[in-house]
There are 2 protein chains.
Amino acid sequence: MTVIFSKKCEYGMQAILYLAAREKGNLVSSDEISKVLKIPREFISKILQSLRESGLIISNKGKSGGFGLAKDPSRIKLIDVVAAIDGLDIFDSCVLGFPECSPTHPCPVHETWGTLRTQAYDMLNSETVDKLKDKTLNKISSL
Amino acid sequence: MTVIFSKKCEYGMQAILYLAAREKGNLVSSDEISKVLKIPREFISKILQSLRESGLIISNKGKSGGFGLAKDPSRIKLIDVVAAIDGLDIFDSCVLGFPECSPTHPCPVHETWGTLRTQAYDMLNSETVDKLKDKTLNKISSL
DNA sequence: TTATAATCGGATTATTTTATCCGATAAAAA
DNA sequence: TTTTTATCGGATAAAATAATCCGATTATAA
Ligand code: SF4
Ligand code: SF4
């Protein structure tokens with residue numbers, strides 16, 4: 001069950017958090033990511049490929065190959081993953097499903113939802129993934 | 001594109017808002033609801049059937065039949081529709097897709113998301129649909 | 001050089017969600 | 001009583017999302 005983002009996007013965020021938490025110079029195989037995060041191997045593999053195309057991560061083929069962040073974790077935020085996979089449309093979209101959000105024709109929950117949308121965006125945009133390392137490791141340890 | 005709730009749930013909320021906003025007395029046909037809200041006729045029809053099974057609305061077959069609220073709009077909230085269609089699980093669920101939310105193993109956005117979840121719930125639980133009548137009519141006029 | 005271990009990438013399958021079709025049924029009006 | 005206009009409800013279709021398969025490619029290490 002998904003709350004806001006697609007499974008692809010959820011898994012993508014988890015993987016980025018893991019790559020950031022695992023620091024080190026060497027790369028992480030999709031197999032390891034799959035096992036640690038309990039995500040189907042072939043599925044996370046495809047997601048990692050698409051994040052690579054988006055330039056968020058890099059990869060090497062061959063023995064001792066794998067995936068790694070494309071830049072320093074202090075320069076990556078969770079919102080970057082959302083932008084790359086699901087896109088940012090939901091942060092302009094209507095929680096009641098009305099086709100568009102116009103201030104002159106606000107829906108019944110206009111003000112409240114507008115604020116919540118912004119807060120959700122800020123939540124993913126305010127901290128870089130390096131800051132989330134400890135919590136990530138703690139969370140992963142319980143999977 | 002949906003933000004949090006399924007299309008069924010979004011359409012269901014819209015339909016309940018419309019039934020509440022439309023004057024009482026006579027019933028509203030699924031055809032009218034479909035046209036006003038621009039929802040596929042057969043689809044909203046099915047959704048209305050399920051809301052009827054849930055006891056939120058009533059219906060009459062035959063000529064001059066249709067759907068109406070099962071109780072006074074001052075006793076119905078949007079959260080009732082969510083509970084009937086999508087269920088309330090999302091309000092306990094993880095925005096990053098981790099399998100469970102435990103305070104001892106909080107995810108990297110634990111506090112923020114916990115607060116947002118609660119606010120989203122409150123948004124749908126705080127006002128009864130009769131209070132939303134004016135805004136509903138205004139919104140619908142722009143569809 | 002050869003065996004091994006990893007990603008790549010295109011095709012395919014499975015599942016869930018969204019939407020539609022249509023015959024049966026019921027009630028009101030003609 | 002007959003016709004008209006609704007919902008009911010079960011089956012099905014279409015679309016989107018989630019997951020998998022597998023051969024090809026590439027890099028490392030023995
Ligand atoms: S503010 Fe209201 S109209 Fe605008 S997108 Fe949100 S719920 Fe819809
Ligand atoms: S608080 Fe954190 S761990 Fe708990 S459900 Fe929300 S995102 Fe997941």
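No experiment lies behind these values; they were computed from the predicted model shown. (Residues numbered from 1 in each chain as written. Chains lettered and ligands numbered in written order. Predicted model: local features only at pLDDT ≥ 70, side-chain atom pairs only at ≥ 80, totals over all residues. Heavy atoms only, no water.)

### Points about the pattern of salt bridges
No. 1: This structure, assessed with the given rule, holds 12 salt bridges over all chains.
No. 2: The closest approach of N and O atoms between D31(A) and K35(A), which form a salt bridge, is 2.8 Å. Here D31(A) pairs with K35(A), and both are found in helix α2 (residues 30-37), just four residues apart, close to one helical turn.
No. 3: Under the relative-accessibility criterion, K35(A) is labelled exposed at 61%.
No. 4: A salt bridge links D31(B) to R41(B), with the shortest nitrogen-to-oxygen separation between them at 2.9 Å. Here the residue D31(B) occupies a position in helix α2 (residues 30-37), and R41(B) occupies one in helix α3 (residues 41-53), the gap between them amounting to 10 residues.
No. 5: Residue classification places R41(B) among the partly exposed positions, given a relative accessible area of 40%. (Salt bridge = Lys/Arg side-chain N within 4 Å of Asp/Glu carboxyl O. Helix = DSSP H or I, 4+ residues; strand = E, 2+ residues; numbered from the N terminus. Buried < 20%, exposed > 50% of the residue type's maximum accessible area, 1.4 Å probe, protein only.)

### A short note on the protein's contact with DNA strand C
No. 1: In the neighbourhood of DNA strand C, 24 residues make up the surrounding shell, with S30(A), K46(A), S59(A), P40(B) and F43(B) lying closest.
No. 2: Near-protein atoms of DNA strand C (within 4 Å) split between backbone and bases, with sugar and phosphate holding 62%.
No. 3: The side chain of K46(A) places a nitrogen or oxygen atom 2.6 Å from a base oxygen of DNA strand C.
No. 4: At 3.3 Å from a base nitrogen of DNA strand C is found a side-chain nitrogen or oxygen belonging to E42(B).
No. 5: Elements with a contribution of two residues or more to the surface near DNA strand C: α3 (41-53), β1 (57-60) and β2 (66-69) of chain A together with α1 (7-21) and α3 of chain B. (Near = heavy atom within 4 Å. Polar contact = N/O pair within 3.5 Å; in protein donor to acceptor, adjacent residues only side chain to side chain.)

### Overview of the environment of N138(B)
No. 1: As for its position among the elements, N138(B) is in helix α6 (residues 133-140).
No. 2: Sequence-wise, N138(B) and L48(B) are 90 residues apart; in three dimensions their C-alpha atoms are separated by 23 Å.

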